[in-house]
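Observations on the three-dimensional arrangement
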Amino acid sequence: MSDNSTQAALPNGPGDFSFTLTFTNHLDKNLNLISFEATSGSWAGNPPRVISPGQTVTMKIDDGTVVGSEGTVVYGAYLGHNVSVTIATLMACQVIGPNKLDPSVNLPQAVDVSTSLGTGHPGAGQVDVYWKPAPPA
């Protein structure tokens, strides 16, 4: 099978199935990189080691297979008193199926995460991390 027939067999045709994530830290603590993994494709450079308070960073997974790109990045911050918060974000731009952006937080009572996910290819999404407002007294 030639390259042209392989590309024609893809449901969306040839294209860029990379995923670019924009991540903004609205906390007053540094977010430190804990881990990152590409389960499909490869990172276009390592994600930033630290996301400072108020900083916005961009990271990207390039597509490298016929299924597109998929990966996870995990950041954490020490809050004091033996309490840490971690934010794990799964992102994917798939050849078949919708794009994915799925952040999870280990302290949902303290930290809120908002997301915005684009459609189409290449994939793109935004994650914003905030403190949750204190409950009324």
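This one's a predicted model, so the numbers in the text were calculated from it and none came from an experiment.

When its secondary structure is counted, the chain shows one helix and 10 strands. Within the structure as shown, the chain displays about 7400 Å² of accessible surface, and the carbon and sulfur contribution to it stands at 52%.

Further remarks concern the pattern of salt bridges. Evaluated as defined, the whole model comprises one salt bridge. Among the ionic pairs, Lys60 bridges to Asp62, the shortest N-O distance being 3.5 Å. By relative accessible area, Asp62 is classed as partly exposed at 25%.

One open sheet holds the five strands; their spatial order is β4-β2-β6-β7-β8, and the pairing between them is antiparallel. Strands with a single pairing partner mark the edges of an open sheet, and in this sheet they are β4 (50-51) and β8 (100-105). Pairing geometry for strand β7 (residues 83-94) and β8, over six bridges, is antiparallel. Looking at β8, one finds that Met91 is bridged to Leu101.

All right, on to unusual backbone geometry then. In this chain, His121 is followed by Pro122 through a cis amide linkage whose omega measures 0°. Residue placement: Pro122 occurs in the loop between β9 (111-117) and β10 (123-131).

Quick look at the nonpolar core now. Counting 25 residues, the largest nonpolar core has Leu21, Phe23, Leu31, Met59, Met91 and Val129 as the members making the most contacts within it. Listing elements by their share of this core, those giving two or more residues are β1 (19-25), β5 (56-62), β6 (68-80), β7, β9 and β10. The biggest single contributor to this core is β7, with four residues. Those residues in contact with Leu31 that sit more than four places away from it in its chain are Phe23, Asn25, Arg49, Val50, Ile51, Tyr75, Gly76, Ala77 and Ile87.

Another aspect to go through is the sheet that holds strand β3 (residues 42-43). Reading across the sheet, the five strands line up as β3-β5-β1-β10-β9 and stay open at both edges, with mixed pairing between neighbours. The sheet is open, and its two borders are formed by β3 and β9, each paired with just one other strand. Of the strand pairs in this sheet, β1 and β10 are connected by seven bridges, and their pairing is parallel. Within the sheet, the bridge partner assigned to Thr20 lies in β10 and is Ala124.

Before going further, it helps to examine the side chain of Ser40. Mapped onto the elements, Ser40 comes out in strand β2 (residues 31-40). At a separation of 2.7 Å, a polar atom in the side chain of Ser40 contacts the main-chain carbonyl oxygen of Gly68.

Right, let's get into the packing of aromatic side chains. Per the counting criterion, the structure on display carries two aromatic pairs. Relative to Tyr75, the ring of Phe23 has its centre 5.5 Å away and its plane inclined at 45°; by these criteria the two rings are tilted. Placement of Phe23 in strand β1 and of Tyr75 in strand β6 is noted, with a sequence separation of 52 residues between them. The burial state of Phe23 is the same as that of Tyr75; both residues are buried. Here Phe36 and Trp43 contribute two aromatic rings whose centre-to-centre distance is 5.7 Å and whose plane-to-plane angle is 85°, an arrangement assigned as edge-to-face. The exposure class assigned to Trp43 is buried, which follows from its relative accessible area of 14%.

Each value, and the rule that gives it
Residues numbered from 1 in each chain as written. Predicted model: local features only at pLDDT ≥ 70, side-chain atom pairs only at ≥ 80, totals over all residues. Heavy atoms only, no water. Helix = DSSP H or I, 4+ residues; strand = E, 2+ residues; numbered from the N terminus. Areas by Shrake-Rupley, 256 points an atom, 1.4 Å probe, with all protein chains shown as cover. Salt bridge = Lys/Arg side-chain N within 4 Å of Asp/Glu carboxyl O. Buried < 20%, exposed > 50% of the residue type's maximum accessible area, 1.4 Å probe, protein only. Pairing = 2+ DSSP bridges. Core = buried A, V, L, I, M, F, W, Y, C linked by side-chain atoms within 4.5 Å. Contact = heavy atoms within 4.5 Å. Polar contact = N/O pair within 3.5 Å; in protein donor to acceptor, adjacent residues only side chain to side chain. Phe/Tyr/Trp six-rings, centres within 6.5 Å; stacked < 30°, edge-to-face > 60°.

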